Amino acid sequence: MPDSSPIVTLTILPGTTREGKPENFTEITIRPGDTISIVGPTGSGKTALINDIEVFAWGDTITRRKILVNGVPPPEDLVRDPAKKPIAMITQNTKCLADLTVQEFLAMHLRSRKMKDDSVITSAVDLANQFTGEKIVSSMRMSSLSGGQTRSLFIADAVLISDTPIILLDEVENAGIFKDRVIDILREKKKAIIFVTHDPYVALLTKKRIVMKCGAVENILTPKDEETEALARIAHMDADLMKLRERIRSGEILATLEVA
Amino acid sequence: MNVRLIAIAGPPSAGKTAVVKQIIRNLGAAKVAYLKIDVVQAWEDEELAAEFGIPTKKVYSGDMCPDHMGIMVIRDALVWAEGIGAEYLLYESAGLCLRCTPYTRNSLGLCVLSAVSGTHAPLKMAPMIALADVAVVTKIDLVSQAEKEVFREGIRQVAPDIDIVETNAVQGTGMRYLMQVIEKIRPAESERDTLRGVPPLGVCTICIGKKETGWQEHFGVIRPLAAPDNLYRGE
């Protein structure tokens, strides 16, 4: 159990494709420190897969998948009590609903978890600021944060306040946050991270790739050395793109291109 | 009686009807009758009758407060449901002012709240949550973990021990926990029932259609600007 032991395995048992056929895998087990990406065209069921994990589906979602925790059906309190839940999901929609400041929001989250140490609030804001170029200040209103700021804050919250062993991230690249830094820190903290992604860099940074098609898992890839070169090149291209993005953001006309 | 009453309250667009549909799916349409109370327009009864083939009724409250109307007709509705052999009567309120609560002692009271309605929403609808048995939080797939927990904390501030069920009601995730509660409801002892809470002060001259502004023009529950509290001016 997450409270007494940091080791939690999650096992995804297959459901059905949109046509009602069984999915093409026997089980997928997720362990602490795993990095997994979920890839596939829009509408192929990527978000549905992480939603199944997040709600501990028990044949009660459209996919009919089931999720085991440590090899067995999860106990009710682990599913229903957020303080015991080993999963935090950062959704694609970060139109944050809270009519509170960052400080108030995090304080309310601490209170909901009966945590007394207020210094976590500052640490969470500091950590969030490592993921985004647009500085977050704790007196800002949650509703005024950008998508990138909100996502950065929720990732920091998932690491420091929810402190869950498994973090699900839905299309993190859309928000323009520093994804390699996010991955580094989550790896360092021994979190299992699962990305729904269209970004080749994120896909290649993760150890395992789940390929989706027609609402179902089509394939599970664990590429090794054969992608080393591709990863190095994509890292380069991504760094170049980042630089260009920053230059465009700051209002430059790209008369010169120092691209390697 | 053989009828189990489930009262479903909650603000407009919270997802009450989506929750109703999941309950019907889980219970099986053969056992269920449905009553909708609304103010001027409602289609839920027709929609549910078409989708599940269940007996339905609706009542428009017009000038009257819809929960007031619900309280008036619920006894007849229980007799109707019993008469047609239904085991469950699902009674969906209009969910407007959030001050009144349709839960009766013999019912299972569900308060449906949308996870995207803002942190302060539970405080604004406090009586509706405080007197319910279960807070059903819908649209849970649209928010992140931290937001979910902060929203729960808002509900807990109003009702520390209330059972909270989080669901994407369109898909039905998490509904298994609500169905566990529903399985335990006992049939209403008789059609006679009482409300759990005291409703706000009664019908006034505005409720019955008087349009003049200013307390000077009205009887019943009135309030001048400078007064600390409501007054009653009878006749």
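Everything numeric in this text was worked out from a predicted model, so none of it was measured. (Residues numbered from 1 in each chain as written. Chains lettered and ligands numbered in written order. Predicted model: local features only at pLDDT ≥ 70, side-chain atom pairs only at ≥ 80, totals over all residues. Heavy atoms only, no water.)

### With respect to the overall build of chain A
For step 1, the next point in the chain: Helix and strand counts for chain A come out as eight helices and nine strands.
For step 2, the next point in the chain: A globule of 260 residues ought to have a C-alpha radius of gyration of about 18 Å, and chain A, at 19 Å, matches this closely.
For step 3, the next point in the chain: Over its C-alpha atoms, taken along the principal directions, chain A stretches across nearly 55 × 50 × 30 Å.
For step 4, the next point in the chain: Residues classed as buried in chain A amount to 51% of the 260 residues present.
For step 5, the next point in the chain: Sequence-distant contacts, at least 24 apart, represent 64% of the contacts inside chain A between residues at least 6 apart.
For step 6, the next point in the chain: Here chain A has roughly 12100 Å² of accessible surface; of this, 55% comes from carbon and sulfur atoms.
For step 7, the next point in the chain: Computed over 34 positive and 36 negative side-chain charges, the inter-centroid distance for chain A is 2 Å. (Helix = DSSP H or I, 4+ residues; strand = E, 2+ residues; numbered from the N terminus. Rg over C-alpha atoms; globule rule 2.2 N^0.38 Å. Buried < 20%, exposed > 50% of the residue type's maximum accessible area, 1.4 Å probe, protein only. Contact = heavy atoms within 4.5 Å. Areas by Shrake-Rupley, 256 points an atom, 1.4 Å probe, with all protein chains shown as cover. Lys, Arg positive; Asp, Glu negative; His and termini not counted. Charge placed at Lys NZ, Arg CZ, Asp CG, Glu CD.)

### Considering the UniProt feature "domain: AAA+ ATPase" (unreviewed entry) in chain B
For step 1, the next point in the chain: Mapped onto the present numbering, the UniProt feature "domain: AAA+ ATPase" (unreviewed entry) falls at residues 2-141 of chain B.
For step 2, the next point in the chain: The span residues 2-141 of chain B shows a helical share of 34% and a strand share of 26%, and its end C-alpha atoms are spaced 36 Å apart. (UniProt positions renumbered as here; feature names shortened; annotations may be inferred.)

### A few points about the interface of chain A and chain B
For step 1, the next point in the chain: Between chain A and chain B, the residue contacts involve 34 residues of the former and 29 residues of the latter.
For step 2, the next point in the chain: Buried surface at the junction of chain A and chain B, summed over both partners, amounts to about 2700 Å²; 51% is from carbon and sulfur atoms.
For step 3, the next point in the chain: Joining chain A to chain B, the criterion identifies five salt bridges.
For step 4, the next point in the chain: Across the salt bridge formed by Arg113(A) and Glu149(B), the nearest N and O atoms sit 2.6 Å from each other.
For step 5, the next point in the chain: The interface formed by chain A and chain B contains 12 residue pairs in polar contact (both at pLDDT 80 or more).
For step 6, the next point in the chain: Put simply, the parts of the chain that give the side of chain A that touches chain B at least two residues each are helix H1 (46-54), helix H2 (76-80), strand E5 (87-90), helix H3 (102-112) and helix H5 (147-160) of chain A.
For step 7, the next point in the chain: Ranked by the residues each element gives to the side of chain A that touches chain B, the list is headed by H3(A), at five residues.
For step 8, the next point in the chain: Its residues assigned to classes, the side of chain A that touches chain B shows 17 nonpolar, seven polar and 10 charged. (Buried area = accessible area lost by both parts, 1.4 Å probe. Salt bridge = Lys/Arg side-chain N within 4 Å of Asp/Glu carboxyl O. Polar contact = N/O pair within 3.5 Å; in protein donor to acceptor, adjacent residues only side chain to side chain. Nonpolar A, V, L, I, M, F, W, Y, C, P; charged D, E, K, R; others polar.)

### Considerations on the sheet that holds strand E2 (residues 32-38) of chain B
All names here are of chain B.
For step 1, the next point in the chain: Read across the sheet, seven strands follow the order E3-E2-E4-E1-E5-E6-E7 without closing on themselves; strand pairing throughout is parallel. The open sheet is flanked by strand E3 (56-60) and strand E7 (163-166), the only strands paired with a single partner. Ignoring strand direction, the axes of neighbouring strands in this sheet form an average angle of 20°.
For step 2, the next point in the chain: Note: strand E5 (residues 107-114) against strand E6 (residues 134-138), five bridges, orientation parallel. Each bridged residue has a counterpart across the sheet, and for leucine 110 the counterpart in E6 is valine 134. (Pairing = 2+ DSSP bridges. Axes fitted to C-alpha atoms, helices over the stretch in contact; angles between N-to-C directions.)

### Some thoughts on the pairing of E6(B)
Residues and elements named next belong to chain B.
For step 1, the next point in the chain: Burial runs high along E6: five of the five residues are buried.
For step 2, the next point in the chain: Residues Val134, Val136 and Thr138 point to one face of E6 and Ala135 and Val137 to the other, with burial holding for every one of them.
For step 3, the next point in the chain: For E6 and E7, the ladder comprises four bridges, and the chain directions are parallel. Bridging across to E7, valine 137 finds its partner in glutamate 166.
For step 4, the next point in the chain: Once the chain exits E6 it traverses helix H6 (residues 145-158) before rejoining the sheet at E7, and the crossover so formed is right-handed. (Right-handed = clockwise from strand over helix to strand, strands pointing away.)

### Observations regarding the nonpolar core
For step 1, the next point in the chain: Membership of the largest hydrophobic core comes to 57 residues, with the highest contact counts inside it found for Ile6(B), Ile23(B), Leu178(B) and Ile182(B).
For step 2, the next point in the chain: Among the elements that take part in this core, helix H7 (residues 175-183) of chain B stands out by supplying six residues, more than any other.
For step 3, the next point in the chain: Other than its neighbours up to four places away in sequence, Ile182(B) contacts Ile6(B), Ile23(B), Leu27(B), Tyr88(B) and Leu108(B).
For step 4, the next point in the chain: By size, the runner-up hydrophobic cluster in this structure holds 45 residues, among which are Met108(A), Phe131(A), Phe154(A) and Leu204(A). (Core = buried A, V, L, I, M, F, W, Y, C linked by side-chain atoms within 4.5 Å.)

### A few points about the packing of H3(A) against H5(A)
Residues and elements named next belong to chain A.
For step 1, the next point in the chain: It is the contact of H3 with H5, at a shortest axis distance of 12 Å, that shows an interaxial angle of 30°. As the angle between them shows, H3 and H5 are arranged roughly parallel. In the crossing of H3 with H5, the sense of the turn from one axis to the other is right-handed. Residues Val102, Phe105, Leu106 and His109 of H3 pack against Leu153, Phe154 and Asp157 of H5.
For step 2, the next point in the chain: Per-class residue counts for the contact of H3 with H5 are five nonpolar, one polar and one charged. (Parallel < 35°, antiparallel > 145°, perpendicular 65-115°, else oblique. Left-handed = near helix turned anticlockwise from the far one by under 90°.)

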